Amino acid sequence: MEARVVRTVKKRQVLFLCVFLGVSWAGAEQLRYFVEEETERGTFLANLANDLGLGVGELSARGPRIVSDQNMPFLLLDPLTGHLLLNEKLDREELCGPTEPCVLPFQLLLEKPLQIFRAELWVRDINDHSPVFLDREITLKILESTTPGAAFLLESAQDSDVGTNNLRNYTISPNAYFRITVHDSGEGIIYPELVLDRVLDREEVLELTLTLTALDGGSPARSGTALVRILVLDINDNIPEFVQSLYKVQVPENSPVGSLVVTVSARDLDTGSNGEIVYAFFYATERILKTFQINPTSGNLHLKAALNYEEMQTYTLTIQAKDGGGLSGKCTVMVQVTDINDNPPELLMSSFTSPIKENSPETVVAVFRIRDRDSGNNAKTVCSIPDDLPFVLKPSIENYYTLVTESPLDREKRVEYNITITVTDMGTPRLKTEHNITVLVSDVNDNAPAFTQASYTLRVRENNSPALHIGTVSATDTDAGANAQVTYSLLPPADPHVPLASLVSINADNGHLFALRSLDYEALRAFEFRVGASVSSLFLFSVLVFVAVRLCGRGGAARAGRCSVPEGPFPGHLVDVSGTGTLSHSYQYQVRLRGDLGTSEFKFLKPIIPNLASQSIGREVEEYPSYRNDSSF
């Protein structure tokens, strides 16, 4: 079959554009495309890039997607070329049944930035179904006394096609007694009547067999046939007549199977078998036969299957009352199905983004659509999220909503949000649907490392062994991942003459401090390390404090090698090492570390010595005139 694809763009007189959060809702135009049913898969329908006025590269970069309410993906979009293709063969009768036109709505969603275009695919009917009679043989019993001009209603054929391809005419095989007239029911259904043109004589003709042909309007036309068997009867003067020619009844869609719908009633003035009436369906579609059943004796019409307002709202039944003599009358029963709130709202997610970077401005987290298959107030919905979250819902056209951040997020306060989107309809009773999403907050490097102490005091004795661990500094960072990895380093000292790199080192991973060589109290009493925390460039200033213990004097005894160094911890008071009256001195130096870079203090505390050594202390101070007992930087 050669595919014929027609594309049009439906333009409205009133153009409107709903723009918020950088999201554009394209309501000004509605794209409309046409395709015949049974067209081969992969058929080219249109180029969306051209229809939207976009370059092919621009369309691909904006992340186009096709979204529809149908459960089947009947369209396929090639984002690289912009070609809109048919993804599978479409059966119009399966998709839309008797509804005409057959319209399949869909939306074109562009994500970057977000923009939605409404579109429709119209599926055109082709003549792929022939008319069919449910009963291949129709039996009529006609009195021989029937006058010419009498009409007898025959069963209608069924044709699944619509429009011009639907049922259009009936014919009867040539004969001397009957002709066919065609009538329109007013609901798009035509039915045949057999009209008697000549008086029947039972003694001449006991039975006639004719061929009834149903023709549709397709080109070429399709047809279906049934046999009409006519039995000529003796006189039965009265035909059954219904009390009402039309019965109208409303039935809720939740009525249980077996419920009584209505009772029809007919009467016949004849007696005996000619007055006994049997009720039956006349011209009943497969759907009617599956849904209803009638008691042949009482005329009670019952439900045989459950009703569904969303599938079918009205049923039109023709019921025949036939007496024992073969005469019949008919009535019409119109069953209107009323809607109840039996469908909960549905949330159809179109786009969802997680994680969201902290400190980002107002950001679109999700785009979704609400659908309720009920009607009236039962289909009206309200959508909400909890009030204690930094998010807000914003409605748009076609029941679309966007979930956006109301304010920048802070990962250090909360790393994830569990959001429950609640959709409630306005029916009775109210039905609701809850949809849970989890939004993760990703980290950015917005927090500087901080040391665990404002100041550190470290002590070391002179003549220490090389590579001695003299202390540890520690800093933490509230960020996550690589943003929270702290690296330690020593910054150059304020005095460029101090050989800091040869005296002290720091482990970059854990902050351990080491004396690289043996320290001499007399040569270097104290020096300054400034520690760098590398991730945030926050500098830590600290001064290593030495506690030096002079174990040997400067006299001849020390030069002669009589100095001895005891093992174990040194006391903080005076120690006589050489036995000759030489005293050791203990000095403490303290560093104060503050959070701000502008203030650091460096203090020499007074030496711990007895009064008798005051002259010795004086000499030490004179040797280092640049230091005082209390200094600050």
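Residues numbered from 1 in each chain as written. Predicted model: local features only at pLDDT ≥ 70, side-chain atom pairs only at ≥ 80, totals over all residues. Heavy atoms only, no water.

### Points about the layout of surface pockets
For step 1, the next point in the chain: Of the voids in this model, the largest pocket is the one considered here, and its volume is about 2100 Å³.
For step 2, the next point in the chain: Around the largest pocket, the lining comprises 49 residues; the ones closest to its centre are Cys96, Gly97, Pro98, Arg287 and Met312.
For step 3, the next point in the chain: At the level of secondary structure, the elements contributing two or more residues to the lining of the largest pocket comprise helix H3 (92–96), strand S8 (102–111), helix H4 (286–291) and strand S24 (314–323).
For step 4, the next point in the chain: No other element matches the five residues that H4 contributes to the lining of the largest pocket.
For step 5, the next point in the chain: Residues of the lining of the largest pocket, tallied by class, amount to 20 nonpolar, 15 polar and 14 charged. (1 Å grid on protein atoms, 1.4 Å probe; cavity = no way out; pocket = protein on both sides within 12 Å on 5 of 7 lines; lining within 4 Å. Points joined across faces, edges and corners; volume = space filled by probe spheres on them. Helix = DSSP H or I, 4+ residues; strand = E, 2+ residues; numbered from the N terminus. Nonpolar A, V, L, I, M, F, W, Y, C, P; charged D, E, K, R; others polar.)

### Observations regarding the side chain of Asn378
For step 1, the next point in the chain: By the secondary structure assignment, Asn378 is in the loop between strand S28 (364–371) and strand S29 (381–384).
For step 2, the next point in the chain: Excluding anything up to four places from it in sequence, Asn378 contacts Asp339, Ile340, Asn341, Asp372, Asp425, Gly427 and Thr428. (Contact = heavy atoms within 4.5 Å.)

### Here we look at the state of the cysteines
For step 1, the next point in the chain: By the definition in use, this model includes one disulfide.
For step 2, the next point in the chain: Note on cysteine connectivity: Cys96 is disulfide-linked to Cys102, with sulfurs 1.9 Å apart. Measuring handedness by torsion sign, the sulfur bridge of Cys96 and Cys102 sits at about 65° and is right-handed.
For step 3, the next point in the chain: Residue classification places Cys96 among the buried positions, given a relative accessible area of 15%.
For step 4, the next point in the chain: Using a relative accessible area of 1% as the deciding quantity, one classes Cys102 as buried. (Disulfide = S-S within 2.5 Å. Buried < 20%, exposed > 50% of the residue type's maximum accessible area, 1.4 Å probe, protein only.)

### Details of the sheet that holds S24
For step 1, the next point in the chain: Read across the sheet, four strands follow the order S18-S25-S24-S21 without closing on themselves; strand pairing throughout is mixed. The strands lining the two open edges of the sheet, one partner per strand, are strand S18 (246–252) and strand S21 (277–281). Along the sheet, successive strands turn relative to each other by an average axial angle of 25°, direction set aside.
For step 2, the next point in the chain: Where S21 meets S24, five bridges bridge the pair, whose relative direction is antiparallel. Following the sheet pairing, Tyr279 is matched in S24 by Ala321. (Pairing = 2+ DSSP bridges. Axes fitted to C-alpha atoms, helices over the stretch in contact; angles between N-to-C directions.)

### Observations regarding unusual backbone geometry
Excluding glycine, residues mostly have negative phi values, and the peptide bonds linking residues are mostly trans.
For step 1, the next point in the chain: Here the amide bond leading from Glu100 into Pro101 is cis, since omega sits at 5°, within 30 degrees of zero.
For step 2, the next point in the chain: Residue Asn359 is not a glycine yet carries a positive backbone phi of 70°.
For step 3, the next point in the chain: In this structure, Asn359 sits in the loop between strand S27 (356–357) and S28.

### As for the pattern of salt bridges
For step 1, the next point in the chain: Counted according to the given criterion, the structure contains 14 salt bridges.
For step 2, the next point in the chain: Glu111 is paired through a salt bridge with Arg65; the nearest N and O atoms lie 2.9 Å apart. Placement of Glu111 in strand S8 and of Arg65 in strand S5 (residues 64–68) is noted, with a sequence separation of 46 residues between them.
For step 3, the next point in the chain: A residue is classified by how much of its surface remains accessible, and Glu111, at 31% relative accessible area, is partly exposed.
For step 4, the next point in the chain: Judged by relative accessible area, Arg65 falls into the partly exposed class, the value being 31%. (Salt bridge = Lys/Arg side-chain N within 4 Å of Asp/Glu carboxyl O.)

### Observations concerning the environment of Val205
For step 1, the next point in the chain: You can see Val205 is positioned in the loop between strand S14 (190–196) and strand S15 (207–216).
For step 2, the next point in the chain: Take Val205: its relative accessible area is 15%, and that puts it in the buried class.
For step 3, the next point in the chain: Expressed as a C-alpha distance, the spacing of Val205 and Val232, which sit 27 residues apart in the sequence, is 7.3 Å.
For step 4, the next point in the chain: Contacts of Val205, omitting those with residues within four sequence positions, involve Tyr177 and Val232.

### Things to note about the environment of Leu431
For step 1, the next point in the chain: Along the chain, Leu431 falls in the loop between strand S32 (416–425) and strand S33 (432–442).
For step 2, the next point in the chain: Under the relative-accessibility criterion, Leu431 is labelled partly exposed at 21%.
For step 3, the next point in the chain: For the pair formed by Leu431 and Asp342, sequence separation is 89 residues and the distance between their alpha carbons is 8.1 Å.
For step 4, the next point in the chain: Sequence-distant contacts of Leu431, that is, excluding residues within four places in its chain, are made with Asn341, Asp342, Asn343, Pro344, Pro345, Val423, Thr424 and Asp425.

### A closer look at the pairing of S32
For step 1, the next point in the chain: As paired strands, S29 and S32 are joined by four bridges and run antiparallel to one another. Each residue of the ladder has a partner; that of Val382, found in S32, is Thr424.
For step 2, the next point in the chain: Hairpin connection from S32 to S33: six residues lie between these consecutive antiparallel strands.

### Overview of the sheet that holds S33
For step 1, the next point in the chain: Strand order in the open sheet formed by four strands is S27-S33-S32-S29, with mixed pairing between adjacent strands. The two strands at the open ends of the sheet, each matched to only one other strand, are S27 and S29.
For step 2, the next point in the chain: Here S27 runs beside S33; their pairing, made up of two bridges, is parallel. Looking at S33, one finds that Lys357 is bridged to Ser442.

### Examining the packing of aromatic side chains
For step 1, the next point in the chain: The tally for this structure, following the rule as stated, stands at eight aromatic pairs.
For step 2, the next point in the chain: For the ring pair Phe74 and Phe106, a centre distance of 6.4 Å and an interplane angle of 80° mean the geometry is edge-to-face. Residue Phe74 is located in the loop between S5 and strand S6 (75–77), and its partner Phe106 is located in strand S8; the two are separated by 32 residues in the primary sequence.
For step 3, the next point in the chain: Phe106 sits in the buried class, given a relative accessible area of 2%.
For step 4, the next point in the chain: A centroid spacing of 6.3 Å and a plane angle of 55° characterise the contact between Phe133 and Tyr170, whose relative ring orientation is tilted. (Phe/Tyr/Trp six-rings, centres within 6.5 Å; stacked < 30°, edge-to-face > 60°.)

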